[in-house]
Amino acid sequence: MATNYDTIAADYKRAKQQPWRYFIERYTLLRLIGNLEGLAVLDLACGEGYYTRELRHRGAGKVVGVDLSEGMVKLAREEEARNPLGIEYDVGDARTFDGPQRFDLVVAAYLLNYASTKEELTSMCLAVARALRPGGRFVTVNNNPDQPPEFFATSRQFGFVKSTPGKLQEGAPIIYTIFQDEGSFDITNYWLSTRAHEECLGAAGLREVRWHPPRVSPEAQPSVGDIFWEPFLNHPPITFLECVR
């Protein structure tokens, strides 16, 4: 978990404005999450609270956001102070999180891809399982471990590229370079195979693992046409999964 988000918190918040994040990431994730009415929800690795607030707006009852970065949580709390929604934000490590409450749903946007080993990934999955009540769901968006490296640069038109300094193997760094008008910044993820993810989820007691490809919101298609999104959808850089405790 090498990226220090305290130093890039504001830049990362601005990066949420890239169109693909709204028309693909947000659309697919919220579609998978489904009805939230009255649910107790934990947003693990909540960042500055983008999805945490969205979950509350969509009807979730109790909503808690947890992130390792004090800078990210500071931004989330500042927004909560400006526009109170009754969300609780805490600084905490997703690998060891064990709060007092159990949740109907745990959501994580780009958490599992920070594990550099199967042991670290298992720790994250165990934290998710601890947070869920029996029958509760885990829904996440993640780096796509099945994207071939020769297609890492095809996302440049969407505002980012991926790279790796060597062979794609367990624990290899995956570097996201995010481009903005003010310049660029890097985020380091790590590559673990689809099989490794499924094994670690299973070891934590999470079952019925299902992977989902990204989808484009119908709102986006009239504005740019289907062909614009093809490089993203043909070899998607991100993936989505859900499972049940």
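Up top you'll find the structure we're talking about.
Below: a short report on this structure. These figures come from a predicted structure and were not determined experimentally. (Residues numbered from 1 in each chain as written. Predicted model: local features only at pLDDT ≥ 70, side-chain atom pairs only at ≥ 80, totals over all residues. Heavy atoms only, no water.)

### Thoughts on the packing of helix H2 (residues 19-33) against helix H3 (residues 50-57)
Part 1: Remark: H2 packs on H3, axes separated minimally by 12 Å, with the N-to-C direction vectors making an angle of 50°. Put simply, H2 runs oblique to H3. Considering the relative orientation of H2 and H3, their crossing is right-handed. Two secondary-structure elements touch here, H2 through Arg21, Tyr22, Glu25, Arg26, Leu29, Leu30 and Ile33 and H3 through Tyr50, Tyr51, Glu54 and Leu55.
Part 2: Per-class residue counts for the contact of H2 with H3 are 7 nonpolar, no polar and 4 charged. (Axes fitted to C-alpha atoms, helices over the stretch in contact; angles between N-to-C directions. Helix = DSSP H or I, 4+ residues; strand = E, 2+ residues; numbered from the N terminus. Parallel < 35°, antiparallel > 145°, perpendicular 65-115°, else oblique. Left-handed = near helix turned anticlockwise from the far one by under 90°. Contact = heavy atoms within 4.5 Å. Nonpolar A, V, L, I, M, F, W, Y, C, P; charged D, E, K, R; others polar.)

### Some words on the pairing of strand E8 (residues 183-191)
Part 1: Direction of pairing for strand E7 (residues 172-180) relative to E8: antiparallel, over a ladder of 9 bridges. Across the sheet, Ile175 pairs through a bridge with Thr188, a residue of E8. (Pairing = 2+ DSSP bridges.)

### Focus: the nonpolar core
Part 1: With 72 residues, the main nonpolar core has Ile33, Leu42, Leu44, Phe138 and Leu206 as its most contacted residues.
Part 2: Apart from the residues within four sequence positions on either side, Ile33 is in contact with Leu55, Leu105, Val107, Arg137 and Val139. (Core = buried A, V, L, I, M, F, W, Y, C linked by side-chain atoms within 4.5 Å. Buried < 20%, exposed > 50% of the residue type's maximum accessible area, 1.4 Å probe, protein only.)

### A closer look at the packing of aromatic side chains
Part 1: For the structure shown, the criterion picks out 11 aromatic pairs.
Part 2: Note on Tyr50 and Tyr51: the rings are 4.9 Å apart at their centroids and 85° apart in plane angle, and the pair reads as edge-to-face.
Part 3: With a relative accessible area of 22%, Tyr50 lands in the partly exposed category.
Part 4: With a centroid separation of 5.3 Å and 75° between ring planes, the pair formed by Phe158 and Phe228 is classed as edge-to-face. Taken together, the residues Phe158 in the loop between strand E5 (132-143) and strand E6 (160-163) and Phe228 in helix H8 (residues 226-234) connect sequence positions 70 residues apart. (Phe/Tyr/Trp six-rings, centres within 6.5 Å; stacked < 30°, edge-to-face > 60°.)

Any functional reading would require information that these geometric values do not contain.
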